[in-house]
Amino acid sequence: QVQLVESGGGLVQAGGSLRLSCATSGSIFSINAMGWFRQAPGKQRELVAGITSGGSTNYADSVKGRFTISRDNAKNTLYLQMNSLKPEDTGVYYCHAVLKNKLVAVPEPYWGQGTQVTVSS
């Protein structure tokens, strides 16, 4: 059973920083791409940052210059460094992966349970 588990969320003052982690476990054969999504109450879930198996990255315009996505291939762990946080960054952050497990022939999407990030003004 493949699992994605987020950590690192919490309450932080505007202008502060947080580092989110997403640890993977299970029978993973390969990972095509990973990313971070967030969802605020009453709003649609949106892509914050993504990274492909080749290392290319993309970011939402609202976080460019403030957030950095990275990956530790040896540990199959995803990170999101968030600096200069703003109240509008508040929401539940979800780790997402498109991967192939060792028993299924096609890539499939997986989601973590989410971690709450609250930025106070």
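Structural data are supplied above this passage.
What you see as residue numbers is a count from 1 along each chain, following the sequence as written. In keeping with the model being predicted, local features are shown solely for residues with a pLDDT of at least 70 and side-chain atom pairs are shown and tallied solely at 80 or more, while totals for entire chains, interfaces and linings include all residues. Note that water and hydrogens are dropped before the side-chain values are worked out from all heavy atoms of the structure.

Novice: Quick rundown of the layout of surface pockets? Include the residues and the values.
Specialist: If you add up the space inside the largest pocket, you get close to 160 Å³. Taken together, R38, Q39, A40, K43, Q44, E46, S62, R66, K86, E88, D89 and T90 make up the full set of residues lining the largest pocket. Lys, Arg, Asp and Glu make up the charged group, whereas Ala, Val, Leu, Ile, Met, Phe, Trp, Tyr, Cys and Pro make up the nonpolar group; the residues left over, Gly among them, are polar. Classifying every residue of the lining of the largest pocket gives one nonpolar, four polar and seven charged. Here the term cavity refers to a set of points on a 1 Å grid, laid over the protein atoms alone, in which a 1.4 Å probe fits but cannot get out; the term pocket refers to an open set having protein on both sides within 12 Å along at least five of seven lines, with lining residues being those that place an atom within 4 Å of a point. Grid points are joined across faces, edges and corners, and a volume is the space filled by probe spheres set on the points.

Novice: Describe the nonpolar core, naming the residues involved and giving the relevant values.
Specialist: Among soluble globular proteins, nonpolar side chains are generally buried collectively. Within the largest apolar cluster, 28 residues are counted, with the highest numbers of intra-cluster contacts made by W36, L80, M82 and Y93. Numbered from the N terminus, helices here are DSSP runs of H or I no shorter than four residues, and strands are runs of E no shorter than two. Only β3 (18-25), β4 (28-39), β5 (46-52), β7 (67-72), β8 (77-82), β9 (91-101) and β11 (115-120) provide two or more residues apiece to this core. We call a set of buried residues a nonpolar core when its members are Ala, Val, Leu, Ile, Met, Phe, Trp, Tyr or Cys and they connect through side-chain atoms within 4.5 Å of each other. Burial classification: accessible surface area is computed with a 1.4 Å probe over protein chains only, and a residue below 20% of its type maximum counts as buried, one above 50% as exposed, and the rest as partly exposed.

Novice: An account of the environment of K86 is requested, with residue identities and associated values reported.
Specialist: Turning to its location among the elements, K86 is positioned in the loop between β8 and β9. For K86 and G16, which are 70 residues apart along the polypeptide, the C-alpha to C-alpha distance reads 8.3 Å. Leaving out residues up to four positions away in the same chain, K86 has contacts with R66 and V119. When checking whether two residues touch, look at their non-hydrogen atoms; a contact exists if any pair is within 4.5 Å.

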